[in-house]
Amino acid sequence: MSTKLGELNQTKVVEALNANSIGKSIRLCGWVRTRRDSKAGFSFLEINDGSTLKNVQVLAEAKLPNYESEILKIGIGSSVEIEGTVVASPGKEQATEIKADSVKVFGYADPLTYPLQKKGTSMEFLRTIAHLRPRTNTFGAVARVRNEICKSIHNFFQSRGFIYVHAPIITGSDCEGAGQMFKVTTFDLLDVPRKEDKSIDFEQDFFGRPTNLTVSGQLEAEIYATALTNVYTFGPTFRAENSNTSRHLSEFWMIEPEMAFCNLEGNMSVAEEFLKTIFNDVLTNCGTDMQFFNERIDKTVIETLKGIVESDFVRLSYTEAVDVLLKCGETFEFPVSWGIDLQSEHERYLTEKKFKKPVIVCDYPKDIKAFYMRLNDDNKTVRAMDVLVPKVGEIIGGSQREERLDVLEQRMKDAGLDTEEYWWYLDLRRFGTVPHAGFGLGLERTVQFATGMSNIRDVIPFPRAPKSADF
Ligand code: ATP
Ligand code: MN
């Protein structure tokens, strides 16, 4: 085995494919996608290492000492190290190929049992082999686009002076007062300590109190925004809702900027610029992968992303949106009336059919939104906003926060929340309160939208959904 493993002088496939590499001696490691043998006394190996969608072609001549004994046993999935020279390729498909001086095999993959033999395996089947699906073109491309989106997100905020804040994953507060949460406990489920009145004795639990996995880092982000002005969180969040849809996960990543001295209009502008920057970065930096998604997954995805980068998002109030829906003549499964929570079919009508671009709906009825959203003067609506995009529907949810102590306390009481529990949240309004606003972007919905992948379970490495957490 090579003694050079781990050295940084290893060449990546993406570099070997570049015509600038012609003439260079290189060492390259990866997994074989195909082997083709020629009677003329050589074989071609196609190698992929995840650095790009494309494979590099390696020419292995029969005169190599291990040609018969090893190279002719290499199949799809085998791992190899190639040493050789990058040469101009006579083939039309690629500019370069590698002429091998040596081919070493790290490990073979038995063609009879390797699950990725066949092309065109279904997404459902690939979910059952989440440990191997990153080796397919589709999942490699998803991983690279997801990575680009994360980079773009950090760049966007870092270049604007936002501070990255880490919200806790285990939380003592039920953030939204509504969302269903996963409990965190070390209790033996067969023998849960009880108090005299038979209620659970959480004082004996690990944290001495009930705790849950967070559904959002927003409240913690508010704490930091009311000290550092502009902050963002970026971490995993958990929802124990039984939503078996192609747009919901039980564990997903959320990006939550929070801005002090900012109102809803400022919040909308940041959200719009943010989404445009992300999609523009994907188009600019993931050309090969996006070409693939456009050919194989969704023929409109590049056009859709370009449209978003160039469009001005539509802004309209919930009341106006309801009006549009009532007058549009469509029949919806869920009938529309002022006060209902907009369903996915309504959101999609607005963004796909009516406006054909992203739509920001704001000023929702207070009864369908969280307690912390700022109450409007009409006493009926709150300064909430949802950003809706075609196919995915809601991609961002946000609001201007209620900064008036008395109004917030009243809203919490109306929502049946214990104001004592939120003493620290109320303190932010007691001491130097400021107007502030923020939103949450779902990372997976963003990746889903950017790639055109139809199911959200295929844009996160190891999806967690109801009855599904196998890997
Ligand atoms: P929805 O109505 O679509 O269930 P929500 O209103 O519950 O979403 P928010 O609490 O506003 O969602 O969360 C902010 C963002 O996080 C959403 O706009 C969406 O992009 C993402 N998101 C929310 N729930 C999920 C989920 N279960 N799986 C993946 N992403 C989610
Ligand atoms: Mn929402």
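This write-up is about the structure you can find in this document. Computed from a predicted structure; not experimentally measured.

1. Some details on the packing of aromatic side chains
Thought 1: According to the stated counting rule, one finds 20 aromatic pairs in the structure shown.
Thought 2: Plain terms: the ring middles of Phe-42 and Phe-44 are 5.4 Å apart, the flat faces sit at 70° to each other, and that makes the pair edge-to-face.
Thought 3: With a relative accessible area of 22%, Phe-42 lands in the partly exposed category.
Thought 4: Here the aromatic cluster, defined as three or more aromatic residues joined through ring pairs, consists of Phe-156, Phe-157, Phe-162, Tyr-164, Tyr-232, Phe-274 and Phe-439.
Thought 5: Sitting above the plane of the Phe-355 ring, Lys-354 keeps its charged end 5.9 Å from the centroid.
Thought 6: Directly above the ring of Tyr-425 sits Arg-429, whose terminal nitrogen or CZ lies 4.1 Å from the centroid.

2. Here's the deal with the nonpolar core
Thought 1: Judged by nonpolar contacts, the single largest core of 56 residues is most densely connected at Ile-149, Ile-153, Phe-274, Met-290, Phe-293, Met-385 and Ile-396.
Thought 2: Sorting elements by how many residues they give to this core places helix H5 (residues 264-285) first, with 10 residues.
Thought 3: The residues touching Met-290, leaving out its near neighbours within four places in the chain, are Val-145, Val-282, Val-301, Ile-302, Leu-305 and Ala-450.
Thought 4: Counting residues in hydrophobic clusters, the runner-up holds 32 residues, among them Leu-316, Leu-342, Tyr-349 and Leu-350.

3. So, the site of ligand 1
Thought 1: Lining the immediate surroundings of ligand 1 are 14 residues, of which His-248, Leu-249, Glu-394, Ile-395 and Arg-445 lie closest.
Thought 2: In this structure, an oxygen atom belonging to ligand 1 sits 3.0 Å away from a side-chain N or O atom of Arg-239.
Thought 3: Here an oxygen atom of ligand 1 and a backbone polar atom of Ile-396 are 3.4 Å apart.
Thought 4: In isolation ligand 1 exposes 590 Å². Once the protein is present, 81% of that is buried.
Thought 5: Within the residue set of the shell around ligand 1, elements represented by two or more residues are strand S11 (251-260), strand S15 (393-400) and strand S16 (436-442).
Thought 6: For the shell around ligand 1, the per-class residue count stands at six nonpolar, four polar and four charged.

4. Brief notes about the sheet that holds strand S5 (residues 96-107)
Thought 1: As summarised here, the arrangement of the five strands in space is S1-S2-S3-S5-S4, forming a closed barrel in which the pairing is mixed. Along the sheet, successive strands turn relative to each other by an average axial angle of 50°, direction set aside.
Thought 2: One ladder, built from two bridges, connects strand S3 (residues 56-61) with S5; its direction is parallel. Note on S5: the bridge partner recorded for Val-58 is Ile-98.

5. Considering the packing of helix H6 (residues 287-296) against helix H7 (residues 301-310)
Thought 1: For the pair H6 and H7, the least separation of the axes is 8 Å and the interaxial angle reads 120°. Taken together, the axis directions place H6 and H7 in an arrangement best described as oblique. Along its contact with H6, which presents Met-290, Gln-291, Phe-293 and Asn-294, the element H7 presents Val-301, Ile-302 and Leu-305.
Thought 2: Here the residues of the contact of H6 with H7 are counted per class, giving five nonpolar, two polar and no charged.

Here is what the cut-offs are and how they apply
Residues numbered from 1 in each chain as written. Chains lettered and ligands numbered in written order. Predicted model: local features only at pLDDT ≥ 70, side-chain atom pairs only at ≥ 80, totals over all residues. Heavy atoms only, no water. Phe/Tyr/Trp six-rings, centres within 6.5 Å; stacked < 30°, edge-to-face > 60°. Buried < 20%, exposed > 50% of the residue type's maximum accessible area, 1.4 Å probe, protein only. Lys NZ or Arg CZ within 6 Å of the ring centre and 35° of its normal. Core = buried A, V, L, I, M, F, W, Y, C linked by side-chain atoms within 4.5 Å. Helix = DSSP H or I, 4+ residues; strand = E, 2+ residues; numbered from the N terminus. Contact = heavy atoms within 4.5 Å. Near = heavy atom within 4 Å. Polar contact = N/O pair within 3.5 Å; in protein donor to acceptor, adjacent residues only side chain to side chain. Areas by Shrake-Rupley, 256 points an atom, 1.4 Å probe, with all protein chains shown as cover. Nonpolar A, V, L, I, M, F, W, Y, C, P; charged D, E, K, R; others polar. Pairing = 2+ DSSP bridges. Axes fitted to C-alpha atoms, helices over the stretch in contact; angles between N-to-C directions. Parallel < 35°, antiparallel > 145°, perpendicular 65-115°, else oblique.

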